Every structure is written in structure tokens, then in C-alpha cells.
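Spelled out, the chains give:
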Amino acid sequence: FVSGLSDGAFMAERLVCELFDRIAAVALVSGTLSNGLSAACGPASPRPIMFINGTADPIVPYSGGRLGVMSAPDAYARWLSLHNCNAASTMTTALPDVANDGTTISVARNAGCGSGGEVRLYTVNNGGHTWPGGSQYLPESMIGKTSADLNANDEIWSFFSAHPR
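Participant: Help me out: how do you make sense of the state of the cysteines in this one?
Facilitator: Throughout this description, disulfide means a covalent bond between two cysteine sulfur atoms. Evaluation of the coordinates by the stated rule reveals two disulfides. The disulfide bridge from Cys-17 ends at Cys-41, spanning 2.0 Å between sulfur atoms. Between Cys-17 and Cys-41 the disulfide shows an S-S torsion of about -95°. By sign, it is left-handed. With a gap of 24 residues between them, Cys-17 in helix α1 (residues 7-18) and Cys-41 in the loop between α2 (35-40) and β3 (49-54) connect regions that are remote in the sequence. Exposure remark for Cys-17: the relative accessible area of 10% places this residue in the buried category. Disulfide partners in the protein, listed by the sequence order of the bonded cysteines, are 1-2, 3-4.

Participant: Help me out: how do you make sense of the side chain of Thr-130 in this one?
Facilitator: In this fold, Thr-130 is placed in the loop between β6 (119-125) and α4 (140-143). With relative accessibility at 4%, the residue Thr-130 sits in the buried group. From its side chain, Thr-130 meets the backbone oxygen of Lys-145 in a polar contact 3.0 Å long.

Participant: How do you make sense of the packing of aromatic side chains when you look at a structure like this?
Facilitator: Think of a pair of aromatic rings as described by two things: how far the centres are apart, and how the planes are tilted against each other in angle. This model, assessed by the stated rule, comprises three aromatic pairs. Look at Phe-1 and Trp-157: their rings are 6.4 Å apart centre to centre, the planes differ by 75°, and that puts the pair in the edge-to-face class. One end of the pair, Phe-1, is in the segment before β1 (2-5); the other, Trp-157, is in helix α5 (residues 152-161), with 156 residues separating them in the sequence. The exposed category is assigned to Trp-157, whose relative accessible area is 54%. Relative to Phe-160, the ring of Phe-1 lies with its centre 4.6 Å away and its plane at 15°, an arrangement referred to as stacked. Of this pair, Phe-1 sits in the segment before β1 while Phe-160 sits in helix α5, and the two are 159 residues apart along the sequence. Phe-1 gets classed as partly exposed once you look at its relative accessible area, which sits at 46%. By way of ring pairs, the aromatic residues Phe-1, Trp-157, Phe-159 and Phe-160 are connected into one cluster.

Participant: Can you walk me through α1 in this structure?
Facilitator: When the terminal C-alpha atoms of α1 are compared, their 17 Å separation across 12 residues agrees well with the 16 Å that a helix rising 1.5 Å per residue should span. Those residues of α1 that fall on the buried side of the exposure criterion are Ala-9, Phe-10, Ala-12, Glu-13, Val-16 and Cys-17. Buried positions in α1, seen along its axis, are confined to an arc of 160° and lie on one side of it.

Participant: What is the right way to look at the environment of Val-124 in this model?
Facilitator: Within the secondary structure layout, Val-124 lies in strand β6. According to the relative accessible area criterion, Val-124 is buried, its value standing at 3%. Val-124 sits 17 residues away from Val-107 along the chain, and the two C-alpha atoms are 8.8 Å apart. Not counting residues within four places of it along the chain, the set of residues in contact with Val-124 comprises Ile-52, Asn-53, Gly-54, Thr-55, Thr-103, Thr-104, Ile-105, Pro-132 and Ser-147.

Participant: Whenever I open this one, empty space enclosed by the protein confuses me. Can you help?
Facilitator: Unfilled space is identified by rolling a water-sized probe across the atoms. On inspection of all chains with the given rule, the structure shows one cavity of 30 Å³ or more. The volume enclosed by the largest cavity comes to roughly 40 Å³. Around the largest cavity, the lining residues are Ser-30, Ile-52, Asn-53, Gly-54, Val-124, Gly-127, Gly-128, Thr-130, Pro-132, Lys-145 and Ser-147. Here the lining of the largest cavity takes three residues from β3, the largest share from any one element. Here the residues of the lining of the largest cavity sort into three nonpolar, seven polar and one charged.

Definitions and cut-offs
- Position labels on residues start from 1 in each chain and follow its written sequence.
- This being a predicted model, a pLDDT of at least 70 is required before a residue's local features are given, and a value of 80 or more before pairs of side-chain atoms are given or counted; all residues contribute to the totals for chains, interfaces and linings.
- For side-chain calculations, the full set of non-hydrogen atoms in the structure is used, while hydrogens and water are omitted.
- Note on disulfides: each one is a pair of cysteine sulfur atoms within 2.5 Å.
- Secondary structure counts use DSSP, requiring at least four H or I residues in a row for a helix and at least two E residues in a row for a strand, with both numbered from the N terminus.
- Under the scheme applied here, a residue whose accessible area is under 20% of the maximum for its type counts as buried, over 50% as exposed, and between as partly exposed, the area being computed with a 1.4 Å probe on protein chains only.
- Counted as a polar contact is a pair of N or O atoms within 3.5 Å, where, for protein atoms, one must be capable of donating a hydrogen and the other of accepting one, and residues adjacent in sequence contribute only when both atoms are in side chains.
- Think of it this way: a Phe, Tyr or Trp ring, Trp meaning its six-membered ring, pairs with another when their centres are within 6.5 Å, and the plane angle makes it stacked under 30 degrees, edge-to-face over 60, tilted otherwise.
- Expected span of a helix, by definition, is 1.5 Å for each gap between consecutive residues, and there is one gap fewer than residues.
- The arc in question is traced by the directions running from the helix axis to the C-beta atoms.
- Every residue pair with non-hydrogen atoms within 4.5 Å of one another is taken to be in contact.
- Definitions used throughout: a 1 Å grid over protein atoms alone; a cavity as a set of points that fits a 1.4 Å probe which cannot get out; a pocket as an open set with protein on both sides within 12 Å along at least five of seven lines; a lining residue as one with an atom within 4 Å of a point.
- Grid points are joined across faces, edges and corners, and a volume is the space filled by probe spheres set on the points.
- Residues are grouped as follows: Ala, Val, Leu, Ile, Met, Phe, Trp, Tyr, Cys and Pro are nonpolar; Asp, Glu, Lys and Arg are charged; every other residue, Gly included, is polar.

Encoded structure:
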């Protein structure tokens, strides 16, 4: 398994593209997909992947465009394509708003993939360049809000546990 935040997320994604035979699943936080890697990534056996991205991330914008990175929805769609998923099989669910922190979270899931894989996108509405359930490691004015509506550690471990090799 491999996971990362920000540049670590981009590195984790590169690893799953290049070393897919050694990785069971990947989880990316505050990272999407670079345009260059998107063109080069075509693993023979795609791996389950999940994204967690904030809509108010000032460093890796949810809508993409900065430093040649895709938007979170476009990265999700690219991985749906790599997994031979039927995009119409995506189910989107709002998670419970358990914290009064100005954020909410929805998850788009697609497990109806020809490869047997799964692709998820957790959208942290009004969330920043942060690890949900983690600490506010820099001021909100610099990185945005940290959501307490999801414990990313637990969610990633649950995802990994569901996809052993």
C-alpha cells in the first residue's frame, strides 16, 4: 500500500503507475494527477485508488490548472477510465457532518470496474491542503481548513484492508 499528502500524494501515484505489480492500493490526500503522468500512466493491472481533496485548497486547487495538475474530478475520471469503470455506476454520498468546522464531505465511489478495482473521490467542501482528522499544522490563512468530519487515517486503512493482494 502507498499513501501520501501533497507532493507525497503525487509520488504515491507515480509509484502505482510504475510499480503497480508491487502495490495493492493507493490513497492520495491533497494531490490529484499531473498531466504528464496521466499521459504516461497505463498500468497493466490498475490498483484501487482513493483521493481526498479540499475544494478550498490553495496549493493543489480542486479545480486543477496549477503547475500542470488535473482537477480532482478529472483525475477521478482518468482513473475510472484506467480501471474500465462505467462512469454511470458512480454513487455519490454525503457523509455525516459531525463537526461544526465549516466543512462537509461527500464521497463518489465506483466499484463497478472491469478491472475489479475501485475508485473513490472524497470531496472536502471548504477544506484546505490538509489531512482530514489531523491537526491544523499551519494557519488557515495559508493552507485552508482541516475537516474533523472524517478521520483520513481510519478511512485509508479501511480502504486498504478491503483491497489486499
